[in-house]
Amino acid sequence: MVNTSVNLSGLSLDNPVIPASGTFGFGYEFAELYDINILGSFSFKGTTKDARFGNPTPRIAECTSGLINSVGLQNPGVEQVIAEELPKLKQCFSKKVIANISGFSIDEYVYTCEKLDREEQVGLLEVNISCPNVHGGGMSFGTSCASAAEVTKAVKKVTTKPVYIKLSPNVTDITEIAKACEDAGADGISMINTLMGMRIDLKTKKPVIANKSGGFSGPAIFPVAVSMVYRVYDAVKIPIIGMGGISSAEDVIEMMLAGASAVEVGAANLVDPFACKKIIEALPDAMQKYGINNLQDITGGAH
Amino acid sequence: MKNVLYTVQKNQQLTDSVYHMELAGDTSAITAPGQFINIKLDSLYLRRPISVYDCRDGMVSIIYKVVGKGTQLMSRLPVETKLDCLTGLGNGFDTSVSGENPVVIGGGVGVPPMYYLAKKMIAEGKSVTAILGFNTANEIFAAEEFSAIGAKTILATADGSVGVKGFVTDALQGLDYSYFYACGPEPMLKALYNNTRTSGQLSFEERMGCGFGACMGCSCKTKYGNKRICKDGPVLVKEEIIW
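Computed from a prediction, not measured in an experiment: that's the story for all the values here.

### Here's the deal with the overall build of chain B
Summing up its helical and strand segments, chain B has five helices and 15 strands in all. Taking 18 Å as the expected radius of gyration for a compact globule of 243 residues, we find that chain B reaches 17 Å, a close match to that expectation. Here the C-alpha coordinates of chain B stretch approximately 50 × 40 × 30 Å along the principal axes. In chain B, buried positions account for 58% of the 243 residues. Considering only intrachain contacts with a sequence separation of at least 6, the fraction spanning at least 24 residues in chain B is 61%. As displayed, chain B has an accessible area near 9,800 Å², and 49% of this comes from carbon and sulfur atoms. Charge centroids of chain B, computed over 24 positive and 23 negative side chains, lie 5 Å from each other.

### Regarding the overall build of chain A
Counting secondary structure elements, chain A contains nine helices and 15 strands. Computed over the C-alpha atoms, the radius of gyration of chain A is 18 Å, within 12% of the 19 Å expected from 2.2 N^0.38 for a compact globule of 303 residues. Seen through its principal axes, chain A has C-alpha atoms that stretch 50 × 50 × 40 Å. Every one of the 303 residues in chain A was classed for burial, and the buried ones make up 60%. When contacts within chain A are restricted to residue pairs at least 6 apart in sequence, long-range pairs at least 24 apart make up 71% of them. Total accessible area on chain A is roughly 11,600 Å²; 52% of this is exposed by carbon and sulfur atoms. Charge centroids of chain A, computed over 26 positive and 32 negative side chains, lie 5 Å from each other.

### Focus on the packing of aromatic side chains
The full count for this structure, using the stated rule, is 15 aromatic pairs over all chains. Here B:Tyr19 and B:Tyr64 contribute two aromatic rings whose centre-to-centre distance is 5.6 Å and whose plane-to-plane angle is 15°, an arrangement assigned as stacked. Here B:Tyr19, found in strand 2 (residues 18–24), pairs with B:Tyr64, found in strand 5 (residues 59–65); they are 45 residues apart in sequence, far enough to count as distant. As far as burial versus exposure is concerned, B:Tyr19 and B:Tyr64 are alike and both buried. Taken together, the ring pairs connect A:Phe24, A:Phe30, A:Phe42, A:Phe93 and B:Phe212 into an aromatic cluster. Across from the ring centre of A:Tyr111, 5.1 Å away, lies the NZ or CZ of A:Lys49, which sits over that ring.

### A look at the sheet that holds strand 9 (residues 152–157) of chain B
By way of backbone hydrogen bonds, the strands of a sheet pair with one another, either parallel or antiparallel. Pairing in this open sheet of seven strands is mixed, and the strands run 10-9-8-7-11-12-15 (chain B) from one edge to the other. Whereas interior strands pair on both sides, the edge strands pair on one side only; in this sheet they are strand 10 (164–165) and strand 15 (235–237) of chain B.

### A look at the nonpolar core
Counting 137 residues, the largest nonpolar core has A:Phe44, A:Leu167, A:Met191 and B:Ile105 as the members making the most contacts within it. Sorting elements by how many residues they give to this core places helix 9 (residues 275–289) of chain A first, with seven residues. In this structure, this core is formed jointly by two domains, domain 1 (2–89) and domain 2 (95–203) of chain B, each of which donates at least three residues. Dropping the residues within four chain positions of it, A:Met191 is found in contact with A:Leu167, A:Ile174, A:Met228, A:Val229, A:Val232, A:Ile240, A:Ile241, A:Gly242 and A:Met243.

### Remarks on the sheet that holds strand 6 (residues 97–101) of chain A
Residue and element names in this part refer to chain A. Taken in spatial order, the seven strands of this open sheet run 3-15-14-9-8-7-6, and their pairing is parallel. Because the sheet does not close on itself, it has two edges, and the strands there are strand 3 (17–19) and strand 6. Each strand axis lies, on average, 25° off the axis of its neighbour in the sheet, ignoring direction. With four bridges joining them, strand 7 (residues 122–128) and strand 8 (residues 163–166) adopt parallel strand pairing. Bridging from a neighbouring strand, Leu125 pairs with Val163 of strand 8. Lying on the sheet, helix 9 is in contact with strand 3 and strand 15 (262–265); it crosses strand 3 at an angle near 180°.

### Brief notes about the domain arrangement of chain B
As a measure of interface size, the accessible area lost when the parts come together is often cited. Residues and elements named next belong to chain B. Here the domain parsing of chain B yields domain 1 (2–89) and domain 2 (95–203). With 14 residues of domain 1 in contact, the opposing surface of domain 2 contributes 14 residues. Roughly 1,200 Å² of surface becomes buried between domain 1 and domain 2 when both sides are summed, with 68% attributable to carbon and sulfur atoms. Joining domain 1 to domain 2, the criterion identifies one salt bridge. Asp54 is the partner of Lys119 in a salt bridge, and the nearest nitrogen-oxygen pair spans 2.9 Å. Put simply, domain 1 and domain 2 have two residue pairs in polar contact (both at pLDDT 80 or more) between them. Only strand 4 (48–56) and strand 5 provide two or more residues apiece to the side of domain 1 that touches domain 2. In terms of residue count, the dominant contributor to the side of domain 1 that touches domain 2 is strand 4 (five residues). When grouped by side-chain class, the residues that make up the side of domain 1 that touches domain 2 number nine nonpolar, three polar and two charged.

### So, unusual backbone geometry
Note the cis peptide between A:Thr57 and A:Pro58, where omega equals 0°. A cis amide bond, omega 5°, links B:Gly233 with the succeeding residue B:Pro234. Mapped onto the elements of the fold, B:Pro234 is located in the loop between strand 14 (225–228) and strand 15.

Cut-offs applied
Residues numbered from 1 in each chain as written. Chains lettered and ligands numbered in written order. Predicted model: local features only at pLDDT ≥ 70, side-chain atom pairs only at ≥ 80, totals over all residues. Heavy atoms only, no water. Helix = DSSP H or I, 4+ residues; strand = E, 2+ residues; numbered from the N terminus. Rg over C-alpha atoms; globule rule 2.2 N^0.38 Å. Buried < 20%, exposed > 50% of the residue type's maximum accessible area, 1.4 Å probe, protein only. Contact = heavy atoms within 4.5 Å. Areas by Shrake-Rupley, 256 points an atom, 1.4 Å probe, with all protein chains shown as cover. Lys, Arg positive; Asp, Glu negative; His and termini not counted. Charge placed at Lys NZ, Arg CZ, Asp CG, Glu CD. Phe/Tyr/Trp six-rings, centres within 6.5 Å; stacked < 30°, edge-to-face > 60°. Lys NZ or Arg CZ within 6 Å of the ring centre and 35° of its normal. Pairing = 2+ DSSP bridges. Core = buried A, V, L, I, M, F, W, Y, C linked by side-chain atoms within 4.5 Å. Domains from an automatic or database assignment. Axes fitted to C-alpha atoms, helices over the stretch in contact; angles between N-to-C directions. Buried area = accessible area lost by both parts, 1.4 Å probe. Salt bridge = Lys/Arg side-chain N within 4 Å of Asp/Glu carboxyl O. Polar contact = N/O pair within 3.5 Å; in protein donor to acceptor, adjacent residues only side chain to side chain. Nonpolar A, V, L, I, M, F, W, Y, C, P; charged D, E, K, R; others polar.

Written out as structure tokens, the structure is:
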């Protein structure tokens, strides 16, 4: 019998497979199809202080082996997430969830993280720093070591649960940002967020997406993610949740060999709602095939 | 929603760019006209959402227009091809509010879902009028099928080559109806919104990511709150629409 369990800063998971924020809603659509308690955990829809409708449509553009999305963090706001979504989610998911949090100022991050940290269902906070800093000239928090560290410090001060910072790959050197987060007290790194991308419609000769650019995800970015996780694993000592185009049990193993302690599955859920279930079910056989008995032993094995 | 592996039974060209495909397999998830299926095609990442044209036990059929890579691939699929589909997606039309003599209005590729709807309401004993709008005579498809099931069928063409010259709204002039149902291009839907006397239900299109409510790729604002076209729609009631 192989052992698929892994551990993230004290949060133990039956397996490393976590649906990525924004591709699994609050779980109900998937709970209609299968028992989602088989998941390691699940990162719920990116939550902000206030409710957001998000960006105008079209928000989706297809690419070779992937898609671009520009949803714009549509969510009902943290109060409603706590009052309505989390109780509903509890009906279909009994394990700890990962709270994915976004903000447009340090105060917003602090406010939302503090609220969600108090929720018993939440096992870990995943702080998305790819949002523009409205008080800092609109540059994303994740593109400078100083602002990434500032968010990390501020959030750590008001929370008790592990804080993982979700990094944007759209930076000069992601290892520097990761180190800055580690130095500021982050318990882990979650990576990578989507790559900036654009498609242009040849008929209209305009960008397909209303917001022009969006985040590119899917199998096409898997090698980019593996390479970045590999480099960040060398740069920091804190655990990494690896993501970017994971679509199979083999991809999970590869990402873990690069340095991930657990993985998130994103775009694949949108094409195949059973993607996570299939990956989890295929994992023991894939482990056996590659002579792996204890999955958590392989993290960083490629180094 | 169900994930079903369908078998292509028929893939027949109806006009220059419009095809009729019949798929054999489990149809139990399709519970209302106006729902759609989301089709996985080899080599393309996202599924292709296509509305249901007709459905009976074990057989669902779609009518689609070749507009891009996905529909082009579909048009070349031979009989016996297996297609991975998510079925029974979307809310569909509610026929319980139609009254005795509803009108169904389809424009271009908005025509197909109105067939299954008309068929259902005729089976419910209602007197159904179908207004079908096309650009020109050689783009017309499925019109005889509406007549065959007993819908009073009125054709409208933009160039006047067949039927009423003009748009579906011109064909609607003077018609007596209890309720309306519509699917077609957005300008057509908007014109109907502004030129109908009764309440109605309108089916919308949007670029989708997943097609089952997970990604928020196709959200829209309504008077009843934010809705996802794929899951809470594609059918919206007239009263909730914000243009």
